[in-house]
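Given next are the chains, with one letter for each unit.
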Amino acid sequence: MHVYIENIADYDGKKVLIKGWLHNKRSSGKVRFLLIRDGTGIVQSVIAKDEADEKIFEIADKITQESSLIITGMVRKDDRAPGGYEIIADSIEVLQMAIDYPISPKEHSIDYLLPLRHLWLRSRKQNAIMRIRHHIIKALRDFFDDQGFICADTPILTPAACEGTTTLFKVDYYDQEAYLSQSGQLYNEAAAAALGKVYCFGPTFRAEKSKTRKHLTEFWMLEPEVAFIELDGIIDLAEDMIIYMIEKVLSKSKTELNTLKRDPSKLESIKKPFPRISYKEAVEIIKKKEPDFKYGDDFGAPHEAVIGEHFDQPVFIHHFPAAIKAFYMKRDPNDESLALGVDMIGPEGYGELIGGGQREDDHDILLKRIKEYKLPEEAFQWFLDLRKFGTCPHGGFGLGLERTIAWICGIKHVRETIPFPRMLDKIYP
RNA sequence: UCCUCGGUAGCUCAACGGUAGAGCAUCCGGCUGUUAACCGGAGGGUUGCAGGUUCAAAUCCUGCCCGAGGAGCCA
């Protein structure tokens, strides 16, 4: 009976069939230990010369790392086995013998591993990260679905810049210029006015010349958008979402966090309510460590780190100077120079994980902003329509998936949080 | 685009002006409970590229190429 390794404990004393690959091999005299992985886990198989068929012992002796195989045998509980269970093999079929697998069970440089990403994914650590990625995605979707949000995905091919500021990837759309989406937000606003509460969750593209551990040129963003909501409600939503997601990861991914040597107490200590400070308060905290920082400057990575360390919790920063925020942000009715935007800075130096806020809902003011920011008015006609036909206070945010995964997993670089990272000048494999 | 660091065996690194070395991987041999197993042996090199200094360059100098980390921008 074909059994997945993650369920092996249910078959103690029974005969099973495992399909997988050879992860590693050890031997001692007349005993061979095969470590077999099938994607769900790793189990040790034991072949002793006296007990096993001569042919099987020969195969166990010759089989190489990452060869594909089918093995049958009795499951036995044994404390000496990694994972607590092992298989006494009585047959081994090698589907294909792998020759010179390039990733040995030793340390390798990132230089070497990145071009081998298609094979690197097989490693224990990468496997754990991908499993956690899956559970994070599922938790985020469940959170919104359970509250009646509708997933209304937005286009990836778009006619113009959403924000007009960041660099876009240009593509040839028949004979027109088109761009890969850098945010679904504008379309989300239309969808929210149709469906009330929506989100989109898909890849997004930024052709920035960014070369840091926090940047990918193709990354996944979850963007909820809600009609009839104001800034405080948006922050509440983001806060509840993060708490829900962390609880799910802690309950579903203990093994994987352990594989990654991620201390779960770092996540268990994340508790509601997260600090909520204004940009002005944030500036005062930053100035204590970086006296050169001036009110009106946008935060750089070191400034985000100062805020993150100061609180040791995710922090919401709101009421930014409007000058450093996007054209569609609603201004504070009490102070025209401030925008009702909010960013969430992650702890442990993971930087900005969430950016969002309340949108401008007045037609004439939005039109004025489009002109001020020198954006092509025609392209935004449909966006202005949303303010002409039943406008309402609304808003939402975008969550950077890979940065969130990096934080949860406690790994430094976002390139390991997506199966096939796309980075500056890097598009292979 | 800028700043910093790096490029030596298949991989990870050492040698820092005087015969280019180790661990792992591979191959051969040994060991009946291994835990990145261990022990013995073997093969494996245009020291990123091009110039220069020197009796002698992996090592010093110049230029170039490639990579990593960071900055700006952002999620």
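Our structure's up above, just so we're on the same page.
In this text, all values refer to a predicted model and were calculated from it rather than measured experimentally.

A. Local environment of the environment of Arg117. Relative to the helices and strands, Arg117 is located in helix α3 (residues 117–120). Through-space distance from the C-alpha of Arg117 to that of Phe420 is 6.9 Å; in sequence the pair is 303 residues apart. Sequence-distant contacts of Arg117, defined by excluding residues within four places in its chain, comprise Gln126, Met130, Arg415, Glu416, Ile418, Pro419, Phe420, Pro421 and Pro429. Engagement of the side chain of Arg117 in a polar contact is seen with the side chain of Gln126, the distance being 2.9 Å.

B. Local environment of the protein's contact with RNA strand B. The immediate surroundings of RNA strand B are formed by 49 residues, with Asp50, Asp111, Arg213, Arg403 and Lys426 found nearest. Of all RNA strand B atoms lying within 4 Å of any protein atom, the proportion belonging to sugar or phosphate reaches 49%. Listed by contribution, the elements that provide at least two residues to the surface near RNA strand B are β1 (15–28), β2 (31–37), α2 (110–113), β11 (218–227), α10 (301–311) and β16 (351–358). Residue classes in the surface near RNA strand B are distributed as 13 nonpolar, 14 polar and 22 charged.

C. Quick look at helix α11 (residues 363–372). Of the residues making up α11, those classed as buried are His363, Leu366, Leu367, Arg369 and Ile370. Across the axial projection of α11, the buried residues extend over an arc of 160°, all falling on one side. The outward face of α11, more than 90 degrees from its buried face, is lined by the exposed residues Asp364 and Lys371. Turning to α11, the residues buried within the fold contact β14 (331–332), β15 (335–346) and α12 (381–388). A positive phi of about 55° marks Lys374, the residue just after α11.

D. Region of interest: the sheet that holds strand β8 (residues 170–173). Here 3 strands make up an open sheet; going across it, the order is β7-β9-β8 and the pairing antiparallel. Edge positions in the sheet fall to β7 (157–158) and β8, since each of these pairs with one other strand and no more. As paired strands, β7 and strand β9 (residues 176–180) are joined by 2 bridges and run antiparallel to one another. Looking across to β9, one finds that Leu157 is bridged to Leu180.

Rules used throughout
Residues numbered from 1 in each chain as written. Chains lettered and ligands numbered in written order. Predicted model: local features only at pLDDT ≥ 70, side-chain atom pairs only at ≥ 80, totals over all residues. Heavy atoms only, no water. Helix = DSSP H or I, 4+ residues; strand = E, 2+ residues; numbered from the N terminus. Contact = heavy atoms within 4.5 Å. Polar contact = N/O pair within 3.5 Å; in protein donor to acceptor, adjacent residues only side chain to side chain. Near = heavy atom within 4 Å. Nonpolar A, V, L, I, M, F, W, Y, C, P; charged D, E, K, R; others polar. Buried < 20%, exposed > 50% of the residue type's maximum accessible area, 1.4 Å probe, protein only. Arc of directions from axis to C-beta. Pairing = 2+ DSSP bridges.

Geometry only, nothing functional implied.
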